[in-house]
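For reference, the chains in residue letters:
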Amino acid sequence: MSNNPRTLETLANDLGVSIIEILEAAKLFTTKPSALLVSEVPDHVASRLTAYFNNEK
């Protein structure tokens, strides 16, 4: 994990999207997107989601 752990809420805020949008997109990158609701977002998943939403804008 990184020194600056991300929660689903902080990732959504950083990307300017809703938690629901994050969970929907996370289905593309992980088999258990609901796990993001109860734990930190792993760096590799956060990176993929960031790239995904940056490409959509």
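Residues numbered from 1 in each chain as written. Predicted model: local features only at pLDDT ≥ 70, side-chain atom pairs only at ≥ 80, totals over all residues. Heavy atoms only, no water.

J.: Hey, could you go over helix 3 (residues 43-56) for me, with residue numbers and the actual values?
T.: It helps to recall that an α-helix has 3.6 residues per turn; residues three or four apart then point in one direction. Its 14 residues give helix 3 an end-to-end C-alpha distance of 20 Å, which sits within 8% of 20 Å, the value for a rise of 1.5 Å per residue. All of the buried residues in helix 3 are Val-45, Ala-46, Leu-49 and Phe-53. Along the axis of helix 3, the buried residues cluster in a sector spanning 95°; they form a single face. Exposed side of helix 3, more than 90 degrees from the buried face: His-44 and Asn-55 are the residues found there. Next to the buried residues of helix 3 lie helix 1 (8-15) and helix 2 (19-26). (Helix = DSSP H or I, 4+ residues; strand = E, 2+ residues; numbered from the N terminus. Expected span 1.5 Å × (residues − 1). Buried < 20%, exposed > 50% of the residue type's maximum accessible area, 1.4 Å probe, protein only. Arc of directions from axis to C-beta. Contact = heavy atoms within 4.5 Å.)

J.: I'd like a rundown of the nonpolar core, residues and numbers included.
T.: Of all hydrophobic cores here, the largest spans 15 residues; its most connected members are Leu-11, Leu-15, Ile-22, Leu-36, Val-41, Leu-49 and Phe-53. Every element with two or more residues in this core is listed here: helix 1, helix 2 and helix 3. If we ignore the near neighbours within four places in the chain, the residues touching Phe-53 are Leu-15, Val-17, Glu-21, Ile-22 and Ala-25. (Core = buried A, V, L, I, M, F, W, Y, C linked by side-chain atoms within 4.5 Å.)

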